[in-house]
Amino acid sequence: DKKKRDFFSKRSFLSMDQNFFFNEERNNLFLGGLQQQQQIFEQNTTDKKKRDFFSKRSFLSMDQNFFFNEERNNLFLGGLQQQQQIFEQNTTQLIDNKLAEDDLLIPNNGNLEGLLVNRITNEEYNHIPFQSNAQSFAKLASTPLPDALREQYDQMKFKSFMGIFPEIERAWVTIDNQLFLWNYYDGSDFCVYNGVDQIIVSIALVPPKRNVFVDSISHLLVVTTPVEIVLLAVSFNGNSVKSEINVVPTGFSVPTDNTLMLKIIGTKEGRVFTCGKDGNLYEMIYQSEDRWFQKRCRKVNHTSSGLIAFIPSFLKFAQDDPLVDIALDSSRNILYTLSETKSSIQVYDLGEKGDIMTLVYNHSTILSEIEKSVPKLKKTRIVKIAAISRGESSKYNLVAITNSGVRIYFSANKNTFGFSPRPDTLNIVNIRFPPDPNVLAQQQTQSVTQYGGIDTVPSELFQYDNVHEVFYSRGVLLLANNPKEGRDDLIAIHLDSKKKRSLNVAGIAEKATLMEINGMIWVLDEQESQSSLCSIYRNGISPEGLQNELITQHFIPPRIILVFTNTGMQIFEKKRPIDQLYGLLQRSGGKDSHELKQFSDDFSDLQTCVMALMLASLNYSKDPNMQSWAARLFFHKAGRPEIPSNYQSPNIYFNPPSLNPSEITYSTGYSAIIQLLARYLRPLWNAPLMNQQSPDNLQFNKDQLEEVEGFLSSLKAFLDDNPQLQGQQENRSRDFVAQKRRMDYSYDEALKIEQQALKRIYKLLQRSLEATSFLSILSGPFFSDLVKSMTSPGRDLLNRMRFQDFVGQQDGIRIAKELVNALTYFQDQNVEAGKMSAMLRDKSPTFFTDSDRNRFKAEELLKSAKYVQGDTLDKMDLLEKSLELFVKAADDVPIKPACDEFKSLGFYSGSVKLALAHANAADPNQEGLSWILKGKQDSDLNGKQSFGRRIEYYQIILDTLNEFKNKSGSAEKLKEEELTQHRTEILNAATNSNDEAFHYVLYDWFVENSLATQLLQLNPSRYLENYLERNGESFASELLCRHYIKSENFAAASKILSQMATKSDPSLKLSNRIESLSRALSCATNGTSIDDDVIQGLEEQMEVAQIQMQIYNQLELLGKNRDDVREARNQLDSKLFNVTDLFNKFAKKFKLNECQLAILKCSGYNDSILIQKLWSQIIEEECNETLSFSPLSKKVELLGREFSPSDVFPSWFLVEELEKLNARSPQNAGEGGISWVFETMRRVGIPFGTLFEIYSSSLDSNCDKKTKHHLLVVMNNLIEQWVEFIRGISGRESFQSEVRQFESKRVDLFLQKKILEMQNHSEFSNLLARYISLKNDIFAK
């Protein structure tokens, strides 16, 4: 690589067309055939000789047959014939050479690296008068302001603003609170929006965020007023921005907090940034709906903390520095803001994906740095900043323009010469002065550049400082200066694409044009061309190369400049070089002129020839004479081949040898043809044919290939109209006479050599055009099927192949043959394939011939199989080969007869495979499958039709299955074992298919024929799981569950069963749901990889479901004939409810007290008042039904066993309430006697100690004597039973807690206390004796 750089650095271009064979890896160069030729080239093998040879020319064309080969170690050319053969093989190398020459055509491709070099010169600008023939801008049209707008101006009360929206081809003006929009090309579609009630301060058109608005909303208008920021939706009635516009509110708005927003910008991701007059950068964030801690629409301050808004103004020591401009670098995701007072520039990093926001640098000393280095620039201020994209420069990031037109270039990376992925600073790296408008006509200018330091500046620079409007984009700078009141001058500066410039000017220069504008300039902008954005030629040129007009002008149209003034819209066109040539030819009437000569001198004869060839071959304009004028100029500049001046002509009277191709200089016209061909082929030439991210698909789509095809066709048509450019010439007499000049003979031989070279170039053009047409015809979804039909080695070669290999190598023909062979199998029955075949024969005869077709082979093999007796291996081999050809044939044969023949020969699997192959060929885009997966929507006509084409082939297989099911047709005479064997063969062939759509059709057949349970027997059932998941029938869920259990996927089975339980289906009963939940819980516990949380969730769900069943059963007891009960039970059957709904909608509503308690326990909700209320109601209900307490006791025991111990079973409350009843009606005690309450509690499991506490507390409370007597009796019985229980279990370890609860001292104190109390009351005398006896009995032992 180093040798190459050193070698090519000696001259700007080196000829590759001189048949000069150079090999860096060896020192031997052999040119054989003639001894003299061999000696000459052997003497030039040293590096010194090579340098001497190439130093004789300052410019050597890359198309001089100079062959460079790195892959071979020895190039030996023996004789002219072998030399000619090698030249044929290396013709494609000429395209590579021309592409390399184009890349070097303008230094740095015309980007900023070539402009901003470290020098001081007064020749950096080529000053072009506006009316000059060489001027770069032309006025296309002027559109006045709408009359309706003028009327509104008369009614203006406060403020007006204006601007341009090039994206939608609309100009806009705001007057107070009204917005006016109109098409600036013709003044049509005048639209008024007055939906805001405050004065409009600023407005911008931004892209919308994805998934927030409907698809018809193409843009958003961001409108700011003193009080709010509002989003308006923009849509159009048609498919184009030229149609009628609609502006409607979106409902998104956010307050400004009394901050005026002066500028707005939006990113392609939909983010919206606004520049505040308070010096802060804000972002308006909006989303489709409110989220946690995030409003639907909000404003974020990215500059300072939100606390600053709460500081009183008299405590703010610094003055606000309004942000007056904002610039976005979409290629790097960097945002810049400009302040008004200090001209400070802030740098914000949006991140690689544009989704973050970081302030990385604030450059607040720009003006002081400039004034210190350039004293003449005092009192200047920055009026505009513009981002420099990565395509325009890899080193520079931002340009700032001052009010005196000075450009200040910045780098956002600390290492100017390196590369940093993200911004980290902002450094001034270059200052460039504008041309002085007062001396533009005299072609004088002053300039200065800085590259690491400011150079010395001339004493006088500018006489103006009133640049008030600026536009900069991709090398074009527009300065609106106000030299006189009521009129503006427009200074246009852009990169100069001329080929030749002064020798003392390094790099590239700029053009400057002074244009007088009618009126005062309001806004400057550019109308981007949308057509060129999707051109294939953008793929073949680097972002930097797009700045090179000479190599892009065939596909990038002229740039449109919009100048919005107080008189209306003035539209200018920035002329490309070819536009300038067109104008010169039109003005001169195709005749030679001084201007044409100057143009040729500026751009070189070669580039002039290329542009003339473009004008002559392309339908560039409606002028009928333009093509003939351009052709005349082409031939005038084409020249003729030349021979060396020191060439010794041979003796013409003998048999003279021919000239060696390396000894001539080819004509400019020859070089121009190759140059233009290379430009047309650029996007394809070095690109791989296949898409690396999408296997079996081409790299380029049909539209892109047709774009290249159109350019190649135009060039070929021109060459066809001029046979001499194809290398054809009339036979010339060799009857030379003595007086014939020797040099005439030599020129004749040189012309022959060039015409031979032209033949090869024409052949390359023809082959390239045929290859492009070939790929264009085959491109699309059909192409992937062809690739799949290719052999494995062929596909591997195709995946590695580049377009130039396809055109120039024998492997390209081989690949084309394989593709054609694949295509022929589709031809007879597929209309599209037939059309493609006809087009290929017409447009690509090199790649498609009749010999490639072999449509009858499959039928011949099938016919041969019929005559083989028995089921032999030979017969099966023929059937397999026939099937293989039929499958490759796609739609080339009648499928139904072939399938019937296969079945008649017992080859049922072949019939299935053939039908499936044709089904896939009929729907290569899988639109039928997509239609199924999307729910078989009738609105999807394409999908429905695609599935209809598939089902025609699927039906062949289904008919066969019906024959086996009904024992009819081909299966009628088969024995039972044959039926089983062939049915298994059919199902195996079907289920082994990758045709997902057919699997779904096959499963439907099983279901429709009541054979759904047999689906689980299919093996492999690769799509069964997806089919069952999509099927909404209950049987599908059950089968899916069994499928998962069969495959031991218990987690999935548990999930399905859980879904079955919670499914909203009126046909399901609550008992079925609980059964499903039970099975789900069982599967979950059997699974090895199921989280405990899942199991716990199922257990909790099961608990709630059982409560729902309890409510369901309780409602049945209320009466089945009640409408409300019947409705409630139906609801409980319809789905599983949560505990809240069960409580409120059912248990509480129908006063199901026990169910309410169950819900409270399940939910863990402790409401003591509610719980006590529910128990009171239960007790009251039981007491109302019978006089005996036995049912009540059983009820309490039953519920106690269910709820105890928990808050839902309040034992203290229950004992107190039940004993109150017991005290009032002891005769109703029943089987338990007077002690039934605490005995019930004991059966529930309440310890004696707890009961002792409860009764002790009750006795200590204020109660009447009767109740107290009752409680003392009950307490006596309780203590007796307690003591007896303790004595019975004292030796048993499991009951030690009961023993420990019995505190003898405590019981003793209680008894002593009660004995003392009863001694003073005669009514307790009997009870007193019992207590004394009890005390003695306990403590005596």
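Residues take numbers from 1 onward in each chain, read along the sequence in its written order. Owing to the predicted nature of the model, reporting of local features is limited to residues with pLDDT of at least 70; listing and counting of side-chain atom pairs is limited to 80 or more, with chain, interface and lining totals taken over all residues. Here the side-chain values reflect all heavy atoms present in the structure, with hydrogen atoms and water set aside.

**Observations regarding the overall build of the protein**
- Secondary structure assignment for the protein yields 45 helices and 33 strands.
- Note on contacts: a residue pair is in contact if any heavy atoms of the two residues lie within 4.5 Å. In the protein, the share of contacts with a sequence separation of at least 24, taken over all contacts with a separation of at least 6, comes to 63%.
- For the protein, the accessible area works out to roughly 63,200 Å², and carbon and sulfur atoms hold 48% of it. Secondary structure elements follow DSSP: runs of H or I of four or more residues count as helices, runs of E of two or more count as strands, with numbering from the N terminus. Per-residue and other accessible areas were derived by the Shrake-Rupley procedure at a 1.4 Å probe size, with only the shown protein chains allowed to occlude residues.

**A word on the sheet that holds strand S18 (residues 297-301)**
- Two strands form a pair only when DSSP identifies at least two bridges running between them. Taken in spatial order, the 4 strands of this open sheet run S15-S16-S17-S18, and their pairing is antiparallel. Taken across any chain shown, the strands that pair with only one partner, and hence form the sheet edges, are strand S15 (261-266) and S18. Taken over all neighbouring pairs, the strand axes of this sheet differ in orientation by 25° on average, direction set aside.
- In this sheet, strand S16 (residues 272-276) lies alongside S15 in antiparallel orientation, the contact comprising 5 bridges. Pairing of Ile 264 across the sheet is with Thr 274, part of S16. Every axis corresponds to a line fitted to the C-alpha atoms, with the helix fit spanning only the stretch in contact, and the corresponding angles, defined between N-to-C directions, vary from 0 to 180 degrees.

**Quick word on the pattern of salt bridges**
- By definition here, a salt bridge exists when the distance from a side-chain nitrogen of Lys or Arg to a carboxyl oxygen of Asp or Glu is within 4 Å. The tally for this structure, following the rule as stated, stands at 42 salt bridges.
- Linking Asp 811 and Arg 814 is a salt bridge whose minimum nitrogen-to-oxygen distance equals 3.9 Å. Of this pair, Asp 811 and Arg 814 both sit in helix H19 (residues 810-824), 3 residues apart, which is roughly one turn of that helix.
- Residue classification places Asp 811 among the partly exposed residues on the basis of a relative accessible area of 29%.
- Its relative accessible area of 40% is what places Arg 814 among the partly exposed residues.
- One salt bridge in this structure joins Arg 1201 and Glu 1197, with 2.8 Å as the shortest N-O distance. Here the residue Arg 1201 and the residue Glu 1197 both occupy positions in helix H38 (residues 1190-1203), the gap between them amounting to 4 residues, near one helical turn. Working definition: with a 1.4 Å probe on protein chains only, accessible area under 20% of the residue-type maximum means buried, over 50% means exposed, and in between means partly exposed.

**Focus on unusual backbone geometry**
- In this model, Ser 1204 is joined to Pro 1205 through a cis peptide bond whose omega is -5°.
- For Pro 1205, the position within the fold is in the loop between H38 and helix H39 (1211-1224).
- Phi at Asn 211 is positive, roughly 65°, even though this residue is not glycine.
- Its place among the elements puts Asn 211 in the loop between strand S11 (202-206) and strand S12 (219-224).
- Exposure remark for Asn 211: the relative accessible area of 71% places this residue in the exposed category.
- Phi at Asp 257 is positive, roughly 60°, even though this residue is not glycine.
- With respect to the helices, strands and loops of the structure, Asp 257 is situated in the loop between strand S14 (245-255) and S15.
- Classification of Asp 257 by relative accessible area gives exposed; the value is 53%.

**Section: helix H28 (residues 996-1008)**
- Residue count minus one, scaled by 1.5 Å, sets the expected span of a helix. Over its 13 residues, H28 runs 19 Å from end to end, which matches the ideal 18 Å to within 8%, given 1.5 Å per residue.
- Counted residue by residue, H28 has 10 buried out of 13 residues, so it is predominantly covered.
- Burial in H28 covers these residues: Glu 996, Ala 997, Phe 998, His 999, Tyr 1000, Val 1001, Leu 1002, Tyr 1003, Trp 1005 and Phe 1006.
- Close packing links the buried residues of H28 with helix H24 (908-922), helix H25 (927-933), helix H26 (941-966), helix H27 (976-991) and helix H29 (1024-1030).
- Just downstream of H28 lies Ser 1010, where phi reads positive at about 55°.

**A look at the environment of Gln 627**
- Residue placement: Gln 627 occurs in helix H12 (residues 626-638).
- Gln 627 sits in the partly exposed class, given a relative accessible area of 36%.
- Between the alpha carbons of Gln 627 and Gly 590 there is a distance of 9.6 Å; along the sequence they are 37 residues apart.
- For the purposes of these results, a polar contact is taken to be a pair of N or O atoms within 3.5 Å, where, inside protein, one atom must be able to donate a hydrogen and its partner to accept one; residues adjacent in sequence count only when each atom of the pair is a side-chain atom. Within the local environment of Gln 627, its side chain forms a polar contact with the backbone oxygen of Ala 616, the two atoms lying 3.3 Å apart.

**Observations concerning the sheet that holds strand S21 (residues 345-349)**
- With respect to topology, 4 strands assemble into an open sheet ordered S19-S20-S21-S22, the strand pairing being antiparallel. What marks the edges here is a single partner per strand, and that holds for strand S19 (323-329) and strand S22 (358-363). Averaged over all pairs of adjacent strands, the angle between their axes in this sheet comes to 20°, without regard to strand direction.

**Comments concerning the confidence of the model for the protein**
- pLDDT measures how confident the predictor is about each residue, on a scale from 0 to 100. Chain-level statistics for the protein give a pLDDT mean of 78 and a share of 78% at 70 or above.
- Taken as a whole, residues 443-462 scores under 50 in pLDDT and shows 64 contacts with residues more than four places along the chain or in a different chain.
- Note that pLDDT drops below 50 for residues 730-743; the model gives that stretch 13 contacts with residues more than four away or on any other chain.

**Digging into the packing of helix H31 (residues 1050-1062) against helix H32 (residues 1070-1086)**
- Following both chains from N to C, one finds H31 and H32 inclined at 165°, their axes separated by 8 Å at the closest point. Taken together, the axes of H31 and H32 are roughly antiparallel relative to one another. The handedness of the crossing between H31 and H32 is left-handed. Each of Phe 1050, Ala 1053, Ser 1054, Leu 1057, Ser 1058, Met 1060, Ala 1061 and Thr 1062 in H31 lies in contact with H32, whose residues at this interface are Arg 1073, Ser 1076, Leu 1077, Arg 1079, Ala 1080, Cys 1083, Ala 1084 and Asn 1086.
- Nonpolar residues are Ala, Val, Leu, Ile, Met, Phe, Trp, Tyr, Cys and Pro. Charged residues are Asp, Glu, Lys and Arg, and all others, Gly as well, are polar. Its residues placed into classes, the contact of H31 with H32 shows 9 nonpolar, 5 polar and 2 charged. The scheme is simple: roughly parallel for angles under 35 degrees, roughly antiparallel for over 145, roughly perpendicular for 65 to 115, oblique for anything else. Throughout, a crossing is termed right-handed when the near helix is turned clockwise from the far one, and left-handed when it is turned anticlockwise from it by less than a right angle.

**Comments concerning helix H34 (residues 1123-1134)**
- With 12 residues, H34 should cover 16 Å at 1.5 Å per step; its first-to-last C-alpha distance of 16 Å lies within 8% of that length.
- Along H34, the residues classified as buried are Val 1125, Ala 1128, Arg 1129, Leu 1132 and Asp 1133. On an axial view of H34, the arc spanned by its buried residues comes to 140°, and they lie on one face. Arc definition: it is the arc formed by the directions from the helix axis to the C-beta atoms.

**Comments concerning the packing of H39 against helix H40 (residues 1236-1244)**
- Axis separation between H39 and H40 bottoms out at 9 Å; the angle between their running directions is 145°. Counting all contacts with H39, which are made through Leu 1214, Val 1215, Leu 1218, Glu 1219 and Asn 1222, the residues of H40 involved are Trp 1236, Val 1237, Phe 1238 and Met 1241.
- Split into classes, the residues belonging to the contact of H39 with H40 amount to 7 nonpolar, 1 polar and 1 charged.

**Observations regarding the packing of aromatic side chains**
- Two aromatic rings from Phe, Tyr or Trp, using only the six-membered ring of Trp, form a pair when their centres are within 6.5 Å; if the ring planes differ by under 30 degrees the pair is stacked, by over 60 it is edge-to-face, and anything between is tilted. The full count for this structure, using the stated rule, is 34 aromatic pairs.
- Between Phe 180 and Phe 190 the ring centres are 5.8 Å apart and the planes differ by 25°, which places this aromatic pair in the stacked class. Pair noted here: Phe 180 is in strand S9 (residues 178-183) and Phe 190 is in the loop between S9 and strand S10 (191-193), with a separation of 10 residues, a long-range link.
- Aromatic side chains Phe 902 and Phe 907 sit 5.2 Å apart centroid to centroid with 85° between the ring planes, which places their arrangement in the edge-to-face category.
- Exposure remark for Phe 907: the relative accessible area of 2% places this residue in the buried category.
- Each member of the aromatic cluster is reached from another via a ring pair, and the members are Phe 180, Trp 182, Phe 190, Trp 522 and Phe 564.
- A cation over a ring is seen here: Lys 209 above Tyr 286, with NZ or CZ 4.9 Å from the ring centre. Lysine NZ or arginine CZ positioned within 6 Å of the ring centre and within 35 degrees of the ring normal marks a charge as sitting over the ring.

**A short note on the nonpolar core**
- What is meant by a nonpolar core is a set of buried Ala, Val, Leu, Ile, Met, Phe, Trp, Tyr and Cys residues, joined one to another through side-chain atoms within 4.5 Å. Ile 1111, Trp 1175, Tyr 1255 and Ile 1279 are the most contacted members of the largest nonpolar core, which totals 150 residues.
- Aside from chain neighbours lying at most four places away, what touches Ile 1111 is Leu 1132, Leu 1142, Phe 1146, Ala 1147, Leu 1152, Cys 1155 and Ile 1159.
- Ranked by size, the runner-up nonpolar core spans 99 residues in total, among them Leu 581, Leu 725, Leu 775 and Phe 783.

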